[in-house]
Amino acid sequence: MVTRDEIDREIAEGERPDRPIMRMLRAIRRRIERRPGLRRAYRVAVAVLGGMIATVGLLLVPLPGPGWLIVFLGLAILGTEFAWAKRVAAFAKRQLARFWAWWQARRAARPVAGA
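It should be emphasised that the depicted structure is a prediction, and the values quoted were computed from it without experimental measurement. (Residues numbered from 1 in each chain as written. Predicted model: local features only at pLDDT ≥ 70, side-chain atom pairs only at ≥ 80, totals over all residues. Heavy atoms only, no water.)

Draft legend 1. Quick look at the confidence of the model for the protein. For the protein, mean pLDDT is 87; residues scoring 70 or higher make up 96% of the total. Per-element mean pLDDT across the protein ranges from 81 in helix α1 (residues 4–14) up to 94 in helix α3 (residues 36–60). (pLDDT = per-residue confidence, 0-100. Helix = DSSP H or I, 4+ residues; strand = E, 2+ residues; numbered from the N terminus.)

Draft legend 2. View of helix α4 (residues 67–79). The terminal C-alpha atoms of α4, which comprises 13 residues, lie 18 Å apart, in line with the 18 Å expected from a rise of 1.5 Å per residue. Packed against the buried residues of α4 are α3 and α5 (83–109). (Expected span 1.5 Å × (residues − 1). Contact = heavy atoms within 4.5 Å.)

Draft legend 3. Structural context of the packing of α3 against α4. Interaxial distance between α3 and α4 falls to 7 Å at its minimum, and their mutual angle equals 165°. Taken together, the axes of α3 and α4 are roughly antiparallel relative to one another. Considering how the two elements wind past one another, α3 and α4 form a crossing that is left-handed. Within the contact between the two elements, α3 uses Val46, Ala47, Leu49, Gly50, Gly51, Ile53, Ala54, Gly57, Leu58 and Leu60 and α4 uses Gly67, Trp68, Ile70, Val71, Leu73, Gly74, Ile77 and Leu78. (Axes fitted to C-alpha atoms, helices over the stretch in contact; angles between N-to-C directions. Parallel < 35°, antiparallel > 145°, perpendicular 65-115°, else oblique. Left-handed = near helix turned anticlockwise from the far one by under 90°.)

Encoded structure:
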């Protein structure tokens, strides 16, 4: 079973600012920020794409499969441009971590079947 510390370490490793992809994305971002028209178009594109992905995820939640994962992906995309989406995604991560801890404690406390 994967522990919370292992997950936290993997997330921190993936978000390190010195990674080549992060440097490339920052350079692209600087170019976009220099042009107001391009910045506006970029924000609209992010809003449409992130909103569509989050909406599709919400539609898929009742079905078997990765519905919530798709919702979180949409929120992550929206969070790159909108502070409210970043706050919602952080709140959702905290709630998911609380649920996961509750679920693991519940499973640990359950008697073993067949014993």
